[in-house]
Amino acid sequence: VQLVESGGGLVQAGGSLRLSCAASGSIGDINAMGWYRQVPGKQRELVAFINSVVGSTNYGDSVKGRFTAARDNAKHTMYLEMNSLKPEDTAVYYCSAETNWGDSWGQGTQVTVSS
């Protein structure tokens, strides 16, 4: 599975952005997809996780109520709608896909929130 993120950029605090993650390859093998973020010197942090097998979506505590993740299976794309952005949301955002054969990651897209 190949993943390509897009939609990152610079936004003021309180603003919104929508990230996209386009999947290609063995899409039918995908069991779950997720959004993660990372800042230099820190561990990668879970943002949102969509489990297609059980039909659930989970969010990291720091983004609950502000971010919404969704998959469009017809377009083979996952989205992350980010609202009420804060400077602490600044990070490189990665999408991931889990299959029975292993995990795939995109190259990441930078999100910068100015105060």
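Our subject is the structure that appears above.
Quick caveat, the model's predicted, so the values are computed rather than measured.

Looking at this structure, I do not really get the pairing of strand 5 (residues 45–51). What am I missing?
Each regular strand carries side chains that alternate between the two faces of the sheet. Among the seven residues of strand 5, five are classified as buried, and the element is accordingly described as predominantly covered. Two elements, strand 4 (residues 30–38) and strand 5, share six bridges in a ladder whose sense is antiparallel. Opposite Gly34, over in strand 5, you have Phe49 as the bridge partner. Bridge analysis of strand 5 against strand 6 (residues 56–59) gives four bridges, and the strand direction is antiparallel. Bridge pairing in strand 6 places Asn51 opposite Ser56. Following strand 5, the chain reverses through four residues before pairing antiparallel with strand 6; Gly55 in that reversal takes a positive phi of roughly 70 degrees.

Mind showing me how you'd approach the side chain of Ser104 here?
For Ser104, the location among the structural elements is in strand 10 (residues 102–105). In this structure the side chain of Ser104 is engaged in a polar contact, spanning 3.0 Å, whose partner is the backbone oxygen of Val1. With sequence-adjacent residues up to four places away left out, Ser104 is seen in contact with Val1, Leu3, Cys95, Ser96 and Ala97.

It is not clear to me how unusual backbone geometry should be interpreted in this structure. Could you clarify?
Glycine aside, a negative phi is what most residues show, and trans is what most peptide bonds show. Positioned with a positive phi, His76 is a non-glycine residue whose angle comes to about 55 degrees. Along the polypeptide, His76 turns up in the loop between strand 7 (67–72) and strand 8 (77–82). In this structure, Ser84 is a non-glycine residue whose phi angle is positive, near 50 degrees. Inspection of the secondary structure puts Ser84 in the loop between strand 8 and strand 9 (91–99).

Cut-off values and rules
Residues numbered from 1 in each chain as written. Predicted model: local features only at pLDDT ≥ 70, side-chain atom pairs only at ≥ 80, totals over all residues. Heavy atoms only, no water. Buried < 20%, exposed > 50% of the residue type's maximum accessible area, 1.4 Å probe, protein only. Helix = DSSP H or I, 4+ residues; strand = E, 2+ residues; numbered from the N terminus. Pairing = 2+ DSSP bridges. Polar contact = N/O pair within 3.5 Å; in protein donor to acceptor, adjacent residues only side chain to side chain. Contact = heavy atoms within 4.5 Å.

Keep in mind these values describe shape, not function.
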